[in-house]
Amino acid sequence: MKKIAALILACLVWVNVVAFAQGYTLTNQTQTEEIKEGDVVLATWQASFPQVEGLGDEAVQELINKAITDRMEAEGGFQIVIGYARDDYQEDQERFQANGYGQEAQAQVTFQGEKLLCVGYQFIAYTGGPHPWSSSLSLLVSLETGEPVPFPALFRQNSGVRDLVTQEVLRQLEEREFPLEGEYGEAVSLWSWDRALLTRE
């Protein structure tokens with residue numbers, strides 16, 4: 001629970017293989033993208049992520065690997081970085097030249113069981129401001145079907161686990177003095193990187 005029209009240059013530059021008792025391996029792959037406008041590089045994306053090999057069911061393996069990369073590419077926020085870079089390139093050349101734009105994305109397996117695989121994502125985005133933005137995501141996927149598993153599906157209905165998780169999240173937020181939406185009043189809202197409003201509910 002504690003604390004991520006373009007020219008794509010994809011380079012798988014190293015592979016680190018980890019074998020598991022279930023008969024498959026996890027390989028770590030790296031990829032780089034350059035987003036260009038003409039000959040000008042607007043933003044760069046550097047990613048490191050696991051892929052499953054040797055699962056036995058190739059169709060399920062393909063679904064798992066696609067889920068891992070899709071989550072990273074669709075929800076990591078790189079399109080937002082590109083938007084900032086393109087706006088500054090078109091409207092403020094001085095600012096564009098003075099700053100770097102891009103994102104570093106890292107995905108790692110945080111849990112591996114007989115039926116489930118959990119991947120944690122960490123993102124650091126450079127959008128032209130004085131400090132980078134950081135964010136995180138996670139993905140839980142079934143090793144039997146290859147489909148993402150929603151968090152509530154892990155627990156029996158009325159088990160009380162949701163309440164326990166909520167209490168722990170609130171405890172950690174308050175411990176770190178992280179303000180909630182209600183504490184700002186009606187006029188202001190607090191949004192995370194993926195635009196999920198934080199409330200006590």
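For the structure itself, look to the data block above.
Turning next to the overall build of the protein chain. Within the protein chain one finds four helices and six strands. Listing the helices and strands of the protein chain from first to last along the sequence gives β-β-β-α-α-α-β-β-β-α. Across the 201 residues that make up the protein chain, the buried fraction comes to 34%. Total accessible area on the protein chain stands at roughly 12,800 Å², and carbon and sulfur atoms take up 51% of it.

Before going further, it helps to spend a moment on the pairing of strand E3 (residues 40-53). Residues in a regular strand point their side chains to alternate faces of the sheet. Relative to E3, strand E2 (residues 25-37) runs antiparallel, the two sharing 13 bridges. Within E3, the residue paired with Thr32 across the bridge is Gln46. In this antiparallel pair of consecutive strands, E2 and E3, the connection spans two residues, and Gly38 shows a positive phi of 70°.

We now examine the nonpolar core. The biggest cluster of nonpolar side chains holds 32 residues, and the ones touching the most others in it are Tyr24, Val52, Ile64, Met72, Phe78, Leu117 and Tyr121. Excluding its chain neighbours within four sequence positions, the residues that come into contact with Val52 are Tyr24, Thr25, Leu26, Gln61, Ile64, Asn65 and Leu117.

The next subject is the environment of Gln46. Tracing the sequence through the fold places Gln46 in strand E3. Filtering out sequence-adjacent residues up to four positions away, Gln46 remains in contact with Gln31, Thr32, Gln103, Glu104 and Ala105.

Another point: the pattern of salt bridges. All chains considered together, the criterion is met by five salt bridges. Salt-bridge contacts for Arg95 lead to Asp88; the nearest nitrogen and oxygen are separated by 2.8 Å. The exposure class assigned to Arg95 is partly exposed, which follows from its relative accessible area of 33%. A salt bridge links Arg171 to Glu168; the nearest nitrogen and oxygen atoms lie 2.6 Å apart. With Arg171 and Glu168 both in helix H4 (residues 161-175) and three residues apart, the pair spans about one turn of that helix. Glu168 gets classed as partly exposed once you look at its relative accessible area, which sits at 24%.

Another aspect to go through is the side chain of Thr69. Inspection of the secondary structure assignment puts Thr69 in helix H1 (residues 58-75). At a separation of 3.2 Å, a polar atom in the side chain of Thr69 contacts the main-chain carbonyl oxygen of Lys66. Setting aside its immediate chain neighbours within four residues, Thr69 contacts Phe49 and Gln51.

A surface patch of negative charge is lined by Asp87, Glu91, Asp92 and Glu94. Along the chain, Asp87 falls in helix H2 (residues 78-91). When its relative accessible area of 39% is taken as the criterion, Asp87 is described as partly exposed.

This paragraph deals with the packing of aromatic side chains. According to the stated counting rule, one finds five aromatic pairs in the structure shown. A centroid spacing of 6.1 Å and a plane angle of 80° characterise the contact between Tyr84 and Trp133, whose relative ring orientation is edge-to-face. Of this pair, Tyr84 sits in helix H2 while Trp133 sits in strand E6 (residues 133-142); the two residues are 49 residues apart in sequence, bridging distant segments of the chain. Seen in terms of ring centroids, Tyr121 and Phe123 are 6.2 Å apart; in terms of plane orientation they differ by 5°. Their pairing is stacked.

Let's shift gears to the pairing of E6. Summarising the sheet, strand E5 (residues 116-127) and E6 pair through ten bridges and their orientation is antiparallel. Bridging from a neighbouring strand, Leu116 pairs with Ser142 of E6. In textbook terms, the turn of a hairpin is the stretch between consecutive antiparallel strands, and for E5 and E6 this stretch comprises five residues, one of which, Gly128, has a positive phi near 95°.

Here is what the cut-offs are and how they apply
- Residues numbered from 1 in each chain as written.
- Predicted model: local features only at pLDDT ≥ 70, side-chain atom pairs only at ≥ 80, totals over all residues.
- Heavy atoms only, no water.
- Helix = DSSP H or I, 4+ residues; strand = E, 2+ residues; numbered from the N terminus.
- Buried < 20%, exposed > 50% of the residue type's maximum accessible area, 1.4 Å probe, protein only.
- Areas by Shrake-Rupley, 256 points an atom, 1.4 Å probe, with all protein chains shown as cover.
- Pairing = 2+ DSSP bridges.
- Core = buried A, V, L, I, M, F, W, Y, C linked by side-chain atoms within 4.5 Å.
- Contact = heavy atoms within 4.5 Å.
- Salt bridge = Lys/Arg side-chain N within 4 Å of Asp/Glu carboxyl O.
- Polar contact = N/O pair within 3.5 Å; in protein donor to acceptor, adjacent residues only side chain to side chain.
- Patch = residues over 30% accessible without salt bridge, like charges linked within 9 Å, V, L, I, M, F, W, Y side chains within 5 Å.
- Lys, Arg positive; Asp, Glu negative; His and termini not counted.
- Charge placed at Lys NZ, Arg CZ, Asp CG, Glu CD.
- Phe/Tyr/Trp six-rings, centres within 6.5 Å; stacked < 30°, edge-to-face > 60°.

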